[in-house]
Amino acid sequence: MDEREFRVVIKHYFLKGKTPQETKNKIDKHYGESAPSIRTIYKWFGLFQSGHMSTNDPGRPGRPVAVTTPENVKKIHDMVMNDRRVKVRDIRLSKKF
C-alpha cells in the first residue's frame, strides 16, 4: 500500500472519530510492518483537524526538484564535448553553468 492510500485510511478513521492511537492499532493489525508510524498518524490527524482535508502532500515552496531544460542540457553537452575528461564536480563549480 502506498503513502496516499494509508492517508485515506487515516482520514477514514479520523472522520469516524477514532483517536490517533486507535487508528495506529487498527492499521498495525491489518498491515503490520508496512504501516505508517504513530508520528505520521498524528501529523495527518493534525492536518485534518486544521481543515486540510486533502490526502495529497501540501505544496512546497522553493526550488523545483528537477531543473532539466534544453538550455542546461546543451550547456552540459557542450562542456563535455569540449573536454571529455570533465567531471561532475567541474560542472557544478563552473561559472558557465
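### Structural notes on the side chain of K24
So, step 1. Tracing the chain through its elements places K24 in helix α2 (residues 20-31).
So, step 2. Here K24 falls in the buried class, since its relative accessible area comes to 13%.
So, step 3. Filtering out sequence-adjacent residues up to four positions away, K24 remains in contact with A35, P36, S37, I38 and I41.

### Things to note about α2
So, step 1. Across its twelve residues, α2 extends 16 Å between first and last C-alpha, which sits within 8% of the 16 Å expected from 1.5 Å per residue.
So, step 2. Of the positions making up α2, those classed as buried are P20, T23, K24 and I27. Around the axis of α2, the buried residues are gathered within 100° of arc, so they sit on the same side.
So, step 3. Positive phi appears at G32, one or two residues downstream of α2, with a value of about 55°.

Rules used throughout
Residues numbered from 1 in each chain as written. Predicted model: local features only at pLDDT ≥ 70, side-chain atom pairs only at ≥ 80, totals over all residues. Heavy atoms only, no water. Helix = DSSP H or I, 4+ residues; strand = E, 2+ residues; numbered from the N terminus. Buried < 20%, exposed > 50% of the residue type's maximum accessible area, 1.4 Å probe, protein only. Contact = heavy atoms within 4.5 Å. Expected span 1.5 Å × (residues − 1). Arc of directions from axis to C-beta.

Structural measurements only, silent on function.
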